[in-house]
Amino acid sequence: GQISRDELRRCFEKIERNSAIDESTDAVTEAELDMIIKDIDSNGNGQVSKKEFRAWYVKSEEHVKRQIYNIFQKYDHDDSGGIQPLEFKIMLQEIEPEVQPAEIEYALEECYKDQG
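Residues numbered from 1 in each chain as written. Predicted model: local features only at pLDDT ≥ 70, side-chain atom pairs only at ≥ 80, totals over all residues. Heavy atoms only, no water.

The next thing to look at is the nonpolar core. Formed by Ile-3, Leu-8, Phe-12, Val-28, Leu-33, Ile-36, Ile-37, Ile-40, Val-48, Phe-53 and Trp-56, the largest nonpolar core amounts to 11 residues. Looking at this core, the element that brings in the most residues is helix H2 (residues 30-40), giving 4 residues. Once you skip the residues sitting within four places of it in the chain, Leu-33 turns out to touch Arg-5, Leu-8, Arg-9 and Val-28. Counting residues in each nonpolar core, the second largest holds 10 residues, with Tyr-75, Met-91, Leu-92 and Leu-108 among its members. (Core = buried A, V, L, I, M, F, W, Y, C linked by side-chain atoms within 4.5 Å. Buried < 20%, exposed > 50% of the residue type's maximum accessible area, 1.4 Å probe, protein only. Helix = DSSP H or I, 4+ residues; strand = E, 2+ residues; numbered from the N terminus. Contact = heavy atoms within 4.5 Å.)

Quick look at the environment of Tyr-57 now. Residue placement: Tyr-57 occurs in helix H3 (residues 50-75). Distance from Tyr-57 to Gln-73, taken between C-alpha atoms, is 24 Å for residues 16 residues apart in sequence.

The following block contains the structure:
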């Protein structure tokens, strides 16, 4: 079967709504939808089959896993296999330079509260 343009739009709008900080930005434009279809439509027939969507999704999932792994490796300075509190603090400060010390402390407490 084929996945219609409207089904793809609804799917990506739902993804956008679930991941957006600003909930007013959930609409997918025609240009964005064209790019999405072009990316997923591997045989170039202008339609997206369930097989093409599945292949694209698996590839995307692997890409995200690699990104997470690379970020983890960047901040695991001591190669311990975990992110230690100081490494986590450095990561937060790099990701959000304007983060307040109290916010960092709260995040550290939440993330490491089970470690005694």
